[in-house]
Amino acid sequence: MINKVPEARSGSRGHVELDASTPSQLAALRSTRPPIKLALFDIDGTLVNSSKVISAATVKALQRIRRLGVKTAVASGRPSFAAQHVIDTLSLNDAGMFYTGAMIYDPSTKQIITQQPLPPNDLSKLFGSARAAKLHCELYTHSEYFIEQVTEFTNYHTSYLHCAPRLANFNDITNVKTIYKALLVAQTSTAKAAIETLKARHPNLIFATGYGPDRPDIVFTSVISQNACKQKAFAQLCSHHQVLPEQVLSIGDADSDAEFLQMAGTGVAMGNAHDEIKACANFATRHVDDEGLAFALRSLI
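Everything quoted here is computed from the prediction, not taken from an experiment.

So, about the overall build of the protein. Check the secondary structure of the protein and you find 11 helices and 15 strands. Relative to a compact globule of 301 residues, whose C-alpha radius of gyration would be 19 Å, the protein shows 18 Å and is just as compact. Dimensions of the protein, computed from C-alpha atoms along their principal axes, come out at roughly 60 × 40 × 35 Å. Across the 301 residues that make up the protein, the buried fraction comes to 55%. Pairs at least 24 residues apart make up 63% of the contacts formed inside the protein by residues separated by at least 6 positions. A total accessible area of about 12700 Å² is found for the protein, and carbon and sulfur atoms account for 49% of it. Positive and negative side-chain charges of the protein, numbering 29 and 27 respectively, have mean locations separated by a distance of 5 Å.

The final tally for this structure, using the stated rule, is nine aromatic pairs. Consider the rings of Phe81 and Tyr145, whose centres lie 6.3 Å apart with planes at 25°: the pair is stacked. Of this pair, Phe81 sits in the loop between strand E3 (71-74) and helix H3 (84-90) while Tyr145 sits in strand E8 (residues 145-147); the two residues are 64 residues apart in sequence, bridging distant segments of the chain. With relative accessibility at 1%, the residue Tyr145 sits in the buried group. Joined through ring pairs, the aromatic side chains of Phe81, Tyr140 and Tyr145 make up one cluster. The ring centre of Tyr140 lies 5.2 Å from the NZ or CZ of Lys181, which sits over that ring. Lying across the ring of Phe260, Lys230 places its NZ or CZ 5.8 Å from the centre.

An order of E1-E15-E14-E13-E2-E3 is seen for the six strands of this open sheet, with the pairing classed as parallel. Strands with a single pairing partner mark the edges of an open sheet, and in this sheet they are strand E1 (16-17) and E3. Note: E1 against strand E15 (residues 283-284), two bridges, orientation parallel. Looking at E15, one finds that Glu17 is bridged to Ala284. Of the strands in this sheet, strand E2 (38-41), strand E13 (248-252), strand E14 (266-269) and E15 are in contact with helix H11 (residues 292-300), which crosses E13 at around 160°.

The next subject is the packing of helix H2 (residues 56-67) against H11. Contact geometry for H2 and H11: axes closest at 8 Å, N-to-C directions at 25°. As judged from the angle between their axes, H2 and H11 are roughly parallel. Of the two elements, H2 crosses H11, and the hand of that crossing is left-handed. Packed against H2, whose contacting residues are Ala57, Thr58, Ala61, Leu62, Arg64 and Ile65, the element H11 presents Leu293, Ala294, Leu297 and Arg298 at the interface. Residue composition of the contact of H2 with H11, by class: seven nonpolar, one polar and two charged.

Let's shift gears to empty space enclosed by the protein. Tallied over the full model, the rule gives one cavity of 30 Å³ or more. Forming the boundary of the largest cavity are 34 residues, of which Asp42, Asp44, Gly77, Arg78 and Ser256 lie nearest the centre. Those elements that provide at least two residues to the lining of the largest cavity are E2, helix H5 (154-161), strand E10 (181-187), strand E11 (205-212), strand E12 (215-225), E13 and helix H9 (258-263). The greatest single-element share of the lining of the largest cavity, amounting to five residues, is contributed by E11.

The next subject is the environment of Phe207. Of note, Phe207 is situated in strand E11. The sequence separation of Phe207 and Thr221 amounts to 14 residues, and the corresponding C-alpha distance is 6.3 Å. In this view, Phe207 contacts Leu126, Leu184, Ile195, Leu198, Lys199, His202, Thr221, Ser222 and Val223; residues no more than four positions away in its chain are not counted.

Before going further, it helps to examine the state of the cysteines. Going through the model one piece at a time under the given rule, you end up with zero disulfides. Unpaired in this structure, Cys229 has its nearest cysteine sulfur neighbour in Cys238, at a distance of 13 Å. Looking at Cys229, the relative accessible area reads 25%, which means it is partly exposed.

Further remarks concern the sheet that holds strand E6 (residues 111-115). Within a sheet, adjacent strands bond to each other through the backbone by hydrogen bonds, running parallel or antiparallel. Pairing within the open sheet is antiparallel, and its three strands lie in the order E4-E5-E6. Both edges of this open sheet fall to strand E4 (96-98) and E6, since each of them pairs with a single strand only. The sheet shows a mean angle of 30° between the axes of neighbouring strands, taken without regard to direction. For E4 and strand E5 (residues 103-106), the ladder comprises three bridges, and the chain directions are antiparallel. Note that in E5 the partner of Gly96 across the bridge is Tyr105.

About the cut-offs
Residues numbered from 1 in each chain as written. Predicted model: local features only at pLDDT ≥ 70, side-chain atom pairs only at ≥ 80, totals over all residues. Heavy atoms only, no water. Helix = DSSP H or I, 4+ residues; strand = E, 2+ residues; numbered from the N terminus. Rg over C-alpha atoms; globule rule 2.2 N^0.38 Å. Buried < 20%, exposed > 50% of the residue type's maximum accessible area, 1.4 Å probe, protein only. Contact = heavy atoms within 4.5 Å. Areas by Shrake-Rupley, 256 points an atom, 1.4 Å probe, with all protein chains shown as cover. Lys, Arg positive; Asp, Glu negative; His and termini not counted. Charge placed at Lys NZ, Arg CZ, Asp CG, Glu CD. Phe/Tyr/Trp six-rings, centres within 6.5 Å; stacked < 30°, edge-to-face > 60°. Lys NZ or Arg CZ within 6 Å of the ring centre and 35° of its normal. Pairing = 2+ DSSP bridges. Axes fitted to C-alpha atoms, helices over the stretch in contact; angles between N-to-C directions. Parallel < 35°, antiparallel > 145°, perpendicular 65-115°, else oblique. Left-handed = near helix turned anticlockwise from the far one by under 90°. Nonpolar A, V, L, I, M, F, W, Y, C, P; charged D, E, K, R; others polar. 1 Å grid on protein atoms, 1.4 Å probe; cavity = no way out; pocket = protein on both sides within 12 Å on 5 of 7 lines; lining within 4 Å. Points joined across faces, edges and corners; volume = space filled by probe spheres on them. Disulfide = S-S within 2.5 Å.

So this is what it looks like as structure tokens:
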């Protein structure tokens, strides 16, 4: 249905603070905007709060919009297997985006629609650089993930994903396993320089950052193939669901969510998002711990 790749808009979209809008202003907004047919949700810091919990208000908000005929799907950096408990809890069974854009996957049929794994040669060079920089590194397949050693970040990230990694030498698995994403984890205070150095050394890979809502001192950097283009992923999702970009609502909080917030007709930044992410959105809602997602859906749909 939709073959043209939508362009991500740059710069500020002049976002509206939903919390500062009156009920009549919100009603006027809803009446003048195209109806939402597809809603795409980031997970951490959006669906899952800083206590690592999905609130009852979030569950009810998604149930309500599905009753209105809105499709609901994940758009996250998480691998599909580590998003399954969120999918099950919220019935997010429509095809969505995983691995920061490296895979479009349909949870209801368990079918991979598109995939862009990391090339083994690029991957080997990347984890070599990560080792030298002493960065915590994880490698993700379609069904599991691997670490080379336990670090201070292992248990923290395991508690978010609800699954534990396997220990393995990365050299032994890169040529026998299909790896969709590498994840680098570090303290925010030391990560910036190290990640910028890796970006310069690996210009043919895509780096996207995010933060845990409860630990802004830790930065997560997803690394995916240069072929895992977010613009293409968005267009493929629109085509799969037979909707136009202006009929899509996308909501998130991380740097890696910026492109989907820009390309969706209705982009919503969480209140816990950085200001530069809010500038990519049409709207900003409350903090995730203040039921920001439920408030946004109630305001806009």
